[in-house]
Amino acid sequence: MSTLVLELRQGDLMVVNGAPIRFRNRTRIELTAKARFLFGKQILPPDAADTPARRIYFALQTAYIGTEEEREAGLESARQYIADFQSATTSALVGAMLDRALMAAEADDCYTALKLARRVMRHEEAVLGIAPPERLGPPPVEADACRDSVPA
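A brief look at the structure comes next.

What counts and what doesn't
Here, residues in each chain are numbered from 1, in the same order as that chain's written sequence. Under the rules for a predicted model, residues below a pLDDT of 70 receive no local features and side-chain atom pairs below 80 are neither given nor counted, while totals for whole chains, interfaces and linings still include all residues. With hydrogens and water excluded, all non-hydrogen atoms of the structure serve as input to the side-chain values. Only DSSP runs of H or I with at least four residues qualify as helices, and only runs of E with at least two residues qualify as strands; both kinds are numbered from the N terminus onward. Under the scheme applied here, a residue whose accessible area is under 20% of the maximum for its type counts as buried, over 50% as exposed, and between as partly exposed, the area being computed with a 1.4 Å probe on protein chains only. Using a 1.4 Å probe, the Shrake-Rupley method yields the accessible areas, and only the shown protein chains count as cover for residues. Two strands qualify as a pair provided DSSP detects at least 2 bridges between them. Interaxial angle, 0 to 180 degrees, is taken between N-to-C directions of lines fitted to C-alpha atoms, where a helix line uses only the stretch in contact. Contacts were defined at the residue level, with two residues in contact if any of their heavy atoms lie within 4.5 Å. The nonpolar core is taken to be a set of buried Ala, Val, Leu, Ile, Met, Phe, Trp, Tyr and Cys residues, with the residues joined through side-chain atoms within 4.5 Å. Planes of paired rings set the category: under 30 degrees apart is stacked, over 60 is edge-to-face and the rest tilted, where pairs are Phe, Tyr or Trp rings (Trp by its six-membered ring) whose centres lie within 6.5 Å. Helices are assigned an expected span. That span is 1.5 Å times one less than the residue count.

### With respect to the overall build of the protein
Inference 1: The helix and strand tally for the protein stands at five helices and five strands.
Inference 2: For the protein, the sequential pattern of α-helices and β-strands runs β-β-β-β-β-α-α-α-α-α.
Inference 3: Expressed as a percentage of the 152 residues in the protein, the buried residues total 47%.
Inference 4: For the protein, the exposed surface amounts to about 7900 Å²; the carbon and sulfur share of it is 51%.

### Regarding the sheet that holds strand S5 (residues 37-39)
Inference 1: Taking strand neighbours across the sheet as the criterion, the three strands line up as S3-S2-S5 in an open arrangement whose pairing is antiparallel. In the strand order of this sheet, the two ends are held by strand S3 (19-22) and S5, each with one partner. Within this sheet the neighbouring strands show an average axis-to-axis angle of 15°, counted without direction.
Inference 2: Strand direction decides the pairing type here: strand S2 (residues 13-16) and S5, joined by three bridges, are antiparallel. Paired with Met 14 across the two strands is Phe 39, which belongs to S5.
Inference 3: Here helix H1 (residues 52-65) sits on the sheet and contacts S2 and S5; the angle it forms with S5, its principal contact strand, is near 125°.

### Details of the side chain of Arg 54
Inference 1: With respect to the secondary-structure elements, Arg 54 resides in helix H1.
Inference 2: For Arg 54, the contacting residues outside a window of four places in its chain are Leu 44, Ala 48, Ala 49, Met 121, Glu 124, Glu 125, Ile 130, Ala 131, Pro 132 and Pro 133.

### Some points on the nonpolar core
Inference 1: In this structure, Leu 60, Phe 85, Leu 98 and Val 120 are the most contacted members of the largest nonpolar core, which totals 33 residues.
Inference 2: Elements supplying a minimum of two residues to this core: S2, H1, helix H2 (68-88), helix H3 (92-106) and helix H4 (110-128).
Inference 3: Here the element with the most residues in this core is H1; it accounts for eight residues.
Inference 4: Ignoring sequence-local partners within four residues, the contact set of Phe 85 consists of Pro 52, Ala 53, Ile 56, Val 94, Leu 98, Val 120 and Glu 124.

### Some words on the packing of aromatic side chains
Inference 1: Counted under the stated rule, the structure contains one aromatic pair.
Inference 2: The interplanar angle of 15° and the centroid separation of 6.1 Å between the aromatic rings of Phe 37 and Phe 39 together place this pair among those described as stacked. As far as the burial class goes, Phe 37 and Phe 39 line up, both buried.

### Considering H2
Inference 1: Along its 21 residues, H2 runs 31 Å from first to last C-alpha, staying within 8% of the 30 Å computed at 1.5 Å per residue.
Inference 2: Elements that come into contact with the buried residues of H2 comprise H1, H3 and H4.

This is the structure in structure tokens:
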């Protein structure tokens, strides 16, 4: 297994296996084992889940990095939000992306699920003419050290 090296700034937040970690100073860490994690702007705070697509992302995020108890509830919420979104959208492409995102999440491939959910969020922002959420940055990092149990 390869390792993943991350450089984080002072004040950055990282969630590893459900535990939030805030960095007090600039640091460089090396992940040498499988872990479920997101960091920095990849984390969508609950109050930013204010549109249908953002609620899907947040639910998938919870299914990925939440505690053991939160993960199943997050996946169930994602199923419901996706069904609601699909019944309201006229875009076959978005519906297909949501199908793929849900299948990925159910197969514990949350990297792919979050990546697809981000694309749906961008579509929604364009259609509604709204700005992206402040805290959600670039797509999750894909690397061997995090691939089996995480994306970001």
